[in-house]
Amino acid sequence: MSYVVTAPSPVCVPVLGMSATFAVHRIYCVGRNYEDHAKEMGQTGREAPFFFMKPADAVLVAPAGQTAAMPYPTLTHNLHHEIELVVAIGTGGSHIKAADAHQHIYGYAVGLDMTRRDLQNDMKKMGRSWCIAKGFDHSAPIGTITPAAQVPQIEQAGIYLQVNGQDRQRSVVSKMIWNIAETIEQLSAAWALQPGDLIYTGTPEGVGAVVRGDILEGGVDGLAPIRVRVE
Ligand code: MN
């Protein structure tokens, strides 16, 4: 096959204990999926899940044991961290029932849904798309993927983020409003899931700003932690 432009390289995330990698197809994100985060964003109660996307090449790989460099993005003065559990889809499908959802999961990773919060607030006020706030380059740091069978208790795991060694976010995955299976059911009704899809499942309360030089360290119990330096 020849191309008239330079063909993009596949975006790949490392997998624990394997030389083969996870090739990324799409990145889906769930909005406001922890009640106390929904409240801090001005919402109340349980709303139907809603989704947005980031481009696959927004991934910033932060392999286990390494510190990934994230360039501070343009156009913002309020770059926020959102620590999230990421579900890596292994088998695709449409209209997947929650009861069958776990058969479609390859594994899990720790991710950051980095957000230009000032631009997001501007877009919300104007009723415009969040793209520029959520889908920018390097906006999706992700750690090494752990195969699902190695983390059977993932829905009870703690989730946390520290900035420069200080706690910013600390919760448990069980506090998600829509759990992993329900999220897959709802998401796969809207899009046909494909192998290689990543789902950022939402962030708990405690989101806040980071600046150049900050070290972000985040984790979910049982998964390789993520470490990112804002440059
Ligand atoms: Mn998020």
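Residues numbered from 1 in each chain as written. Predicted model: local features only at pLDDT ≥ 70, side-chain atom pairs only at ≥ 80, totals over all residues. Heavy atoms only, no water.

K.L.:
Explanation requested: helix 2 (residues 117–126) in the structure shown.
P.N.:
Quick reminder: α-helices carry 3.6 residues per turn. Residues three or four places apart thus point the same way. Of all the positions in helix 2, only Arg117, Asp118, Leu119, Gln120 and Met123 are classed as buried. Among the structural elements, strand 7 (79–81), strand 10 (115–116) and helix 3 (131–134) are those in contact with the buried residues of helix 2. Positive phi appears at Gly127, one or two residues downstream of helix 2, with a value of about 70 degrees. (Buried < 20%, exposed > 50% of the residue type's maximum accessible area, 1.4 Å probe, protein only. Helix = DSSP H or I, 4+ residues; strand = E, 2+ residues; numbered from the N terminus. Contact = heavy atoms within 4.5 Å.)

K.L.:
Is there a simple way to explain the packing of aromatic side chains in this structure?
P.N.:
What describes a pair of aromatic rings is the distance from one ring centre to the other and the angle between the planes of the rings. Using the criterion set out here, one finds five aromatic pairs in the structure. Seen in terms of ring centroids, Tyr28 and Trp191 are 5.1 Å apart; in terms of plane orientation they differ by 50 degrees. Their pairing is tilted. Here Tyr28 is found in strand 3 (residues 27–31), whereas its partner Trp191 is found in the loop between helix 4 (180–190) and strand 15 (198–200), with 163 residues between them in sequence. On the basis of relative accessibility, which here comes to 28%, the residue Trp191 falls in the partly exposed class. Geometrically, the ring pair formed by Phe50 and Trp130 is edge-to-face, given 5.7 Å between the ring centres and 85 degrees between the ring planes. One end of the pair, Phe50, is in strand 4 (residues 50–54); the other, Trp130, is in the loop between helix 2 and helix 3, and 80 residues separate them in sequence. The exposure class of Trp130 is buried, given its relative accessible area of 18%. Over the ring of Phe136 we find Lys54, and its NZ or CZ is 5.9 Å from the ring centre. (Phe/Tyr/Trp six-rings, centres within 6.5 Å; stacked < 30°, edge-to-face > 60°. Lys NZ or Arg CZ within 6 Å of the ring centre and 35° of its normal.)

K.L.:
Looking at this structure, how should I read unusual backbone geometry?
P.N.:
In terms of backbone geometry, most residues other than glycine have negative phi values and most peptide bonds are trans. The backbone of Arg32 sits at a positive phi, close to 40 degrees, despite the residue not being glycine. A positive phi is found at His95, a non-glycine position, where the angle reads about 50 degrees. Structurally, His95 is set in the loop between strand 8 (83–89) and strand 9 (105–112).

K.L.:
Explain the coordination of the manganese ion here, please?
P.N.:
Around a metal, the ideal angle is 109.5 degrees if four donors adopt a tetrahedral arrangement and 90 or 180 degrees if six donors adopt an octahedral arrangement. At the metal site, the manganese ion is ligated by Glu82 (OE), Glu84 (OE) and Asp113 (OD), and these contacts range over 2.0 to 2.1 Å. Site description for the manganese ion: donor spacing in sequence, E-x1-E-x28-D. Of the two residues, Glu84 is situated in strand 8 and Asp113 in the loop between strand 9 and strand 10; the sequence distance between them amounts to 29 residues. Its relative accessible area of 0% is what places Glu84 among the buried residues. Residue class for Asp113 comes out buried when judged on its relative accessible area of 1%. (Donors = N, O, S within 2.8 Å, 3.2 Å for Na, K, Ca; no water.)

K.L.:
Explain the pairing of strand 9 here, please?
P.N.:
As a general feature of sheets, a regular strand has side chains that alternate between the two faces. Along strand 9, seven of the eight residues are buried, which leaves the element largely enclosed by surrounding structure. In terms of strand pairing, strand 8 meets strand 9 through seven bridges, oriented antiparallel. Residue pairing for strand 9: Ala88 is matched across the bridge by Gly107. Pairing of strand 9 with strand 12 (residues 146–147) involves two bridges; the strand directions are antiparallel. Paired with Tyr108 across the bridge in strand 12 is Thr146. (Pairing = 2+ DSSP bridges.)

K.L.:
Explain the pattern of salt bridges to me, please; I cannot follow it from the model alone.
P.N.:
Side-chain pairs of opposite charge can arise where the charged atoms are in close proximity. All told, the structure shown has nine salt bridges when counted by the stated rule. Of the charged contacts in the structure, one is a salt bridge between Lys134 and Glu82, with a shortest N-O distance of 3.3 Å. Highlighted residues: Lys134 in helix 3 and Glu82 in the loop between strand 7 and strand 8, separated in sequence by 52 residues. The two residues Lys134 and Glu82 agree in class, both being buried. Across the salt bridge formed by Arg170 and Asp167, the nearest N and O atoms sit 2.5 Å from each other. Several salt bridges share partner residues, and in doing so they unite Lys54, Glu82, Asp113, Arg117 and Lys134 into one network. (Salt bridge = Lys/Arg side-chain N within 4 Å of Asp/Glu carboxyl O.)

K.L.:
Help me understand the sheet that holds strand 7, please; the structure alone is not making it clear to me.
P.N.:
Strand pairing within a sheet occurs via backbone hydrogen bonds; the two strands may be parallel or antiparallel. Pairing is antiparallel in the open sheet, where three strands are placed in the order 10-7-16. Of all strands in the sheet, those with a lone pairing partner are strand 10 and strand 16 (208–209), marking the two edges. Across two bridges, strand 7 lies against strand 16 in antiparallel orientation. Looking across to strand 16, one finds that His80 is bridged to Ala209.

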